[in-house]
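Inside the fold
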There are 2 protein chains.
Amino acid sequence: VADRGELALVAWLTRQAGTSGLLGDDAAWLPAPAPRVVTVDSQIEGVHFPPELDPADLARRLLAVNLSDLAAAGAVPRYAFLALATPTGYDHRRFFRALLVELRGLGALLAGGDLARQPERVTATLTLLGDPPPGAVPLDRRSAVAGHNLWLAGTLGESALGQRLVAQGARLARGRVDLPAGLALPRRLVAGARRAVRRHLRPVPQLALGQALALRPRNHRGAAMDVSDGLALDLHRLCRASGVGALLDGAALPRPAGFEALCQALGEDPQALALGGGEDYCLLFTLPPEEPPPVGFPAVPIGCITGRRRVELATGGRRQILLPTGWDHFSAG
Amino acid sequence: VADRGELALVAWLTRQAGTSGLLGDDAAWLPAPAPRVVTVDSQIEGVHFPPELDPADLARRLLAVNLSDLAAAGAVPRYAFLALATPTGYDHRRFFRALLVELRGLGALLAGGDLARQPERVTATLTLLGDPPPGAVPLDRRSAVAGHNLWLAGTLGESALGQRLVAQGARLARGRVDLPAGLALPRRLVAGARRAVRRHLRPVPQLALGQALALRPRNHRGAAMDVSDGLALDLHRLCRASGVGALLDGAALPRPAGFEALCQALGEDPQALALGGGEDYCLLFTLPPEEPPPVGFPAVPIGCITGRRRVELATGGRRQILLPTGWDHFSAG
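Here we summarise the structure given alongside this text.

Rules of the game
Residues numbered from 1 in each chain as written. Chains lettered and ligands numbered in written order. Predicted model: local features only at pLDDT ≥ 70, side-chain atom pairs only at ≥ 80, totals over all residues. Heavy atoms only, no water. Pairing = 2+ DSSP bridges. Helix = DSSP H or I, 4+ residues; strand = E, 2+ residues; numbered from the N terminus. Contact = heavy atoms within 4.5 Å. Axes fitted to C-alpha atoms, helices over the stretch in contact; angles between N-to-C directions. Salt bridge = Lys/Arg side-chain N within 4 Å of Asp/Glu carboxyl O. Buried < 20%, exposed > 50% of the residue type's maximum accessible area, 1.4 Å probe, protein only. Parallel < 35°, antiparallel > 145°, perpendicular 65-115°, else oblique. Nonpolar A, V, L, I, M, F, W, Y, C, P; charged D, E, K, R; others polar. Phe/Tyr/Trp six-rings, centres within 6.5 Å; stacked < 30°, edge-to-face > 60°. Core = buried A, V, L, I, M, F, W, Y, C linked by side-chain atoms within 4.5 Å.

Remarks on the sheet that holds strand β2 (residues 37–44) of chain A
Read from one edge of the open sheet, five strands run β4(A)-β3(A)-β5(A)-β2(A)-β1(B), paired in mixed fashion. The outermost strands of the open sheet, each flanked by one partner alone, are β4 (109–117) of chain A together with β1 (28–29) of chain B. Sheet topology places strand β3 (residues 76–86) of chain A next to strand β5 (residues 123–131) of chain A; nine bridges connect them, and they run antiparallel. The residue bridging Phe-81 of chain A from the neighbouring strand is Thr-127 of chain A, located in β5 of chain A. Strands β2, β3 and β5 of chain A of the sheet are contacted by helix α2 (residues 55–73) of chain A, whose axis makes an angle of about 145° with β2 of chain A.

Looking at the pattern of salt bridges
Side-chain pairs of opposite charge can arise where the charged atoms are in close proximity. Under the criterion given, the structure shown has 38 salt bridges over all chains. A salt bridge links Glu-312 of chain A to Arg-319 of chain A; the nearest nitrogen and oxygen atoms lie 3.7 Å apart. Glu-158 of chain B is the partner of Arg-199 of chain B in a salt bridge, and the nearest nitrogen-oxygen pair spans 3.0 Å. You can see Arg-199 of chain B sitting in helix α5 (residues 187–201) and its partner Glu-158 of chain B sitting in helix α4 (residues 158–167), a full 41 residues away along the chain. The same class applies to Arg-199 of chain B and to Glu-158 of chain B, which are both buried. One salt-bridge network, in which partners are shared between bridges, spans Asp-57, Arg-60 and Arg-202 of chain A.

Brief notes about the packing of α5 of chain B against helix α8 (residues 259–266) of chain B
For any two helices packed against each other, the geometry comes down to the angle between their axes and how far apart the axes lie. All names here are of chain B. One way to put it is that α5 packs onto α8 with a least axis distance of 10 Å and a crossing angle of 100°. Considering the angle they form, α5 stands roughly perpendicular to α8. Residues Arg-188, Leu-189, Gly-192 and Ala-193 of α5 pack against Ala-261, Leu-262 and Ala-265 of α8. Within the contact of α5 with α8, the residues separate by chemical class into five nonpolar, one polar and one charged.

A few points about helix α4 (residues 158–167) of chain A
All names here are of chain A. α4 sits mainly inside the fold: seven of its ten residues count as buried. Of all the residues in α4, the buried ones are Glu-158, Ser-159, Ala-160, Leu-161, Gly-162, Leu-165 and Val-166. For α4, the elements touching its buried residues are β7 (171–173), α5 (187–201), α8 (259–266) and α9 (270–276). A positive phi of about 120° marks Gly-169, the residue just after α4.

Describing the packing of aromatic side chains
Residue and element names in this part refer to chain A. Across all of its chains, the model carries two aromatic pairs over all chains by this definition. A ring pair is formed by Phe-95 and Phe-96, whose centres lie 5.5 Å apart and whose planes are at 80°; its orientation type is edge-to-face. Phe-95 sits in the buried class, given a relative accessible area of 0%. Classification of Phe-96 as buried rests on a relative accessible area of 2%.

What to know about the nonpolar core
Core analysis: the biggest nonpolar cluster contains 69 residues, and Leu-82, Phe-95, Phe-96, Leu-99, Leu-110 and Phe-285 of chain A have the highest contact counts within it. The dominant element in this core, judged by the number of residues it contributes, is α2 of chain A, at ten residues. Other than its neighbours up to four places away in sequence, Phe-285 of chain A contacts Asn-149, Leu-150, Trp-151, Ala-153, Leu-209, Leu-213, Ala-223, Ala-224, Pro-293, Pro-294 and Ala-299 of chain A. In terms of nonpolar packing, the next biggest core, distinct from the first, is built from 68 residues, Leu-53, Leu-82, Leu-128 and Leu-207 of chain B among them.

So this is what it looks like as structure tokens:
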């Protein structure tokens, strides 16, 4: 691509992106009514994803982590704007083909962006604009009330375990997971390890669940967010935003099958990964007591919202204060 | 900031950004009607700005280049979303204070974003959402018609010359320009050199001009864009989008006072900088014949739109084909 220059790439992209007429101006002018829900998230090579990641998989991951934020608002995507900075020789077309296929499947359009060179690391930032479905009201973190039940729609820790495997050399190539070369793992744990890598590199945003919650009347729902920086930290955020506390049932925290054995084999602490590993990308939400979660989603009750402004973890009859020990981009450096 | 962590920074930022309630959720939910004009632009350390640039100046430059895109659409900003990736120890608060002051002055809000670590280079991507003023219709690049006059609202080449000086070591610190240490420049050229550095590092977006054009009825206006990648390349883009050509009057291209002498002293080609230097951030627009440009802006006629699908430059009675030789992020690598 480098030799053909940006002009050729943008011309190609404009053809690929279709005849929406949104690409090509300094700024995109969206048809009215414009979407009201906006989110921005970045993926940086070597920070959020391994250097060798297929550009198509990067495009899908970038979109997925942004979609997870829209899911937490109960919205669906309509327009995407991409800022992509890459070293020389990057396979932009492979990236864009995958991005456009995904967007098309969602009924969304690539409407603008910015391309640049960055010598060391692929750095991709996606802005998504979306709307809740007709009749729905966006979800937020501020609506948890003491007495609400706390629900989680997915397992914890698996993505973080996958990240550890990626750090040791696990790779995803053309849909296939290769585990680290020197990894000595009992055969019965191999499938779980592969699943963890896939879960980490290919998160699945819970758009349908977010919409189902957003369609409920306000008195039949509570707060919602996606768990991206670890349950402990994100639950603190939800509680702080709502001015409440929470009591987590340690025995109820959902983990994938065989997770403990896999953690043991890899020398990882399952509890630490589940509470603080991050990148789970599943929805955490509260509902009034008696209110069931939307049908057809893997939501389980994991505790309740309290009026005490702290987050506690109950395990084996004991309660302990849970610190916000999730993934912190800043102290993790 | 690093030791206090992202939580503390975000808490501080939420207080600084005011009580809009837009910060703090996974996605921002904007009040209706949502803005319809969207632009995204990045600034990468060592690519778009020098490594030592004051974080406050980076915030202003990042905002300015994005505002220039909104100006080209005739829109004014309402919401900003920031993705900021920085090495350890970056002075985030200095960056955000400047950004928030600027946004407040524009009546716009910081409504969301994403913070991350990036070991080598500060990489900042801003998404701006805006609207044309009431009664206005956004400008675009597609509305140039053969017979239109071509107008430019600023001088060419000065920013590119400033960029050359920055590459040689010129710096802006606390509002003061320091020229490169070893630079031997006649005293009468020093002020112009300082102005060029300032023009490069502190571009001034032409928001008011864009709005004035957008407020005109469609038959009293034409196409518009901002010159960011060099007049030659950007004029080609405007012509391609409109399906027209252009004839530039080489003698009419506006240059800052003393530009030729300064270029000569620095060993730069004034014509090359004016046509291909880039980052001029002034509006290029077309108007029907007889139609004057908005009053009070430094717009000068620089040629006309033709029905032949090529861009020509007339100098001293001769015409030559002008190639799209502006700044290309990809071939300039």
